[in-house]
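Structural overview for review
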Amino acid sequence: MDFQDFIADENDGGRRVDKIVRKLLPHNSLGMIYKYFRKGLVRKNKGKTSPDTRVNPGDTINIAAFLLKNDFSASQQDVDSLPSKSPKVNVSFRKSQESRNDSNFQLEPDLFVNQHIRIINKPYDIPVQGGKKISVSLDKIIAQEYLQQQQEQGLPPSLSFQPGPLHRLDRKTTGVLVFSQSLLGAQWFSRAIKEHIIGKEYLALVEGKLTAPQHWQEEISRSSMPPIKGFIQSEISAKGKKADTRAIPLAWGKYQGKNITLLHLKITTGRTHQIRLHCSYHGHPLLGDTAYGGTHINKGQQDFFLHAWKITIPEDNLLSLPTSIEAPLPINFQNMIHVYLPETEL
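Because the structure is a prediction, the values reported are computed rather than measured.

So, the sheet that holds strand S2 (residues 42-44)
A sheet is described by the order of its strands in space; here 4 strands give the open sequence S1-S4-S2-S3, paired in antiparallel fashion. Either end of the sheet is taken by a strand with one partner, and the two such strands are strand S1 (3-7) and strand S3 (47-48). Where S2 and S3 come together, 2 bridges link them in antiparallel fashion. Note that in S3 the partner of arginine 43 across the bridge is lysine 48. Here helix H1 (residues 17-24) sits on the sheet and contacts S1, S2 and strand S4 (60-64); the angle it forms with S4, its principal contact strand, is near 50°.

Details of the sheet that holds strand S12 (residues 241-242)
Strand order across the open sheet formed by 3 strands is S11-S10-S12, with antiparallel pairing between neighbours. Where the open sheet ends on each side, the last strands, each with one partner, are strand S11 (234-236) and S12. As defined by bridge partners, strand S10 (residues 219-222) adjoins S12 across 2 bridges and the pair is classed as antiparallel. Directly across from isoleucine 220, in S12, lies its bridge partner lysine 241. Set on the sheet, helix H7 (residues 274-281) makes contact with S10 and S11; between it and S11 the angle comes to about 45°.

Topic: the packing of aromatic side chains
In total, this model carries 4 aromatic pairs according to the counting rule given. Aromatic side chains tyrosine 146 and phenylalanine 161 sit 5.8 Å apart centroid to centroid with 75° between the ring planes, which places their arrangement in the edge-to-face category. With tyrosine 146 in helix H5 (residues 138-152) and phenylalanine 161 in the loop between H5 and strand S7 (174-180), this residue pair connects regions lying 15 residues apart in the sequence. Here tyrosine 146 matches phenylalanine 161 in class, with each residue buried. The side chain of lysine 310 reaches across the aromatic face of tryptophan 309, ending 4.6 Å from its centre.

Here we look at helix H6 (residues 183-194)
Here H6 contains 12 residues, and its C-alpha end-to-end distance of 16 Å stays within 8% of the 16 Å for a straight helix at 1.5 Å per residue. By the burial criterion, the buried members of H6 are Leu183, Gly185, Ala186, Trp188, Phe189 and Ala192. Elements that come into contact with the buried residues of H6 comprise strand S6 (117-122), S7 and strand S15 (306-312). Just beyond H6, the residue with positive phi is histidine 196, at close to 60°.

Here's the deal with the environment of leucine 107
Following the sequence through the fold, leucine 107 ends up in the loop between helix H4 (76-80) and strand S5 (112-113). Given the relative accessible area of 17%, leucine 107 is considered buried.

Thoughts on the nonpolar core
Of all hydrophobic cores here, the largest spans 26 residues; its most connected members are Leu138, Tyr202, Leu265, Ile275, Cys279 and Leu286. When residues of this core are traced back to their parent elements, those giving at least two are H5, S7, strand S8 (199-207), strand S14 (258-267), H7 and S15. Phe37, Val55, Ile61 and Leu67 belong to the second largest nonpolar core, which has 20 residues in total.

Observations concerning unusual backbone geometry
Even without being a glycine, asparagine 45 presents a positive backbone phi close to 55°. Position of asparagine 45 among the secondary structure elements: in the loop between S2 and S3. Despite not being glycine, serine 320 shows a phi value in the positive range, around 60°. By the secondary structure assignment, serine 320 is in the loop between S15 and strand S16 (324-326). Taking the relative accessible area as the measure of exposure, serine 320 reaches 59% and is therefore exposed.

Notes on the side chain of glutamate 207
Of note, glutamate 207 is situated in strand S8. For the buried residue glutamate 207, which engages in no salt bridge, the nearest side chain bearing the opposite charge is lysine 258, 4.5 Å off. For glutamate 207, the contacting residues outside a window of four places in its chain are Lys258, Asn259, Ile260, Gly283, His284, Pro285, Leu286, Leu287, Gly288, Gly294 and Thr295.

What counts as what
- Residues numbered from 1 in each chain as written.
- Predicted model: local features only at pLDDT ≥ 70, side-chain atom pairs only at ≥ 80, totals over all residues.
- Heavy atoms only, no water.
- Pairing = 2+ DSSP bridges.
- Helix = DSSP H or I, 4+ residues; strand = E, 2+ residues; numbered from the N terminus.
- Contact = heavy atoms within 4.5 Å.
- Axes fitted to C-alpha atoms, helices over the stretch in contact; angles between N-to-C directions.
- Phe/Tyr/Trp six-rings, centres within 6.5 Å; stacked < 30°, edge-to-face > 60°.
- Buried < 20%, exposed > 50% of the residue type's maximum accessible area, 1.4 Å probe, protein only.
- Lys NZ or Arg CZ within 6 Å of the ring centre and 35° of its normal.
- Expected span 1.5 Å × (residues − 1).
- Core = buried A, V, L, I, M, F, W, Y, C linked by side-chain atoms within 4.5 Å.
- Lys, Arg positive; Asp, Glu negative; His and termini not counted.
- Salt bridge = Lys/Arg side-chain N within 4 Å of Asp/Glu carboxyl O.

Put into structure tokens, the structure is as follows:
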């Protein structure tokens, strides 16, 4: 029987072999993949192995070529009909890959990049993660660019690792967004977020005149109300998780006769819609954020203005990251400040 060989690299090290095989055979159920192991159609270093075996860099994962042909799933009958020792058959194999970006969209220059982490200035109204009805998303763009860079450097793609976002930003929020470039980068940064040692700071335009710093610590959970046009809101709830937000007013102005405030916000937690909900709950919804009680911006170029301005990182970190990374304000945000808060200096 013909087998196709896949060599594990450092980003695959320590992973279970069945987790890697699921990446290589995405159209097959987990039950079918376990059957492939039992039938000897999936092997490690040319020998039979169990699905929970850990892979080391340099190990070879061997998959029966007919399972990979045209990237289709083998039927239950195909597998059950195989004898214990199948005769050798010649099956051609062609791995399908997406190496083309489906959009002409171009990202701004990176804020920072090394072998472990890539940090971009997220644009307005581009989702971080894709879906069935989303043709352009940042995770797809970053993954395609990563694959292209690997190919240009003559490096084979990792069997199981793919760069991905390491925290969340809403579709209509701009600013600092961190993606993994290696398994080590993903593991370290995710752990640092969980341990609250990564500082996250935002700028926002809110309604009302907030004159003194405030510290908000209500619990937040997903709303129990049905989604509106697919949008799921968050709500203050004792059943939720603690959310910590500090709000510092920087400047004041007026929009169509209403007081508005430019806020500097610091968060140590990352609950869904945390800043939008906390600001609204305390009487200062984001200007234009109608989902959370804000006033609609007439003829605005953005629905609301929330910008992930800065992240701070501990010194001497494992990934050689700078201690502070800032994202310049988008032009639309700058224009709003210039027109409606003209005495502001940033």
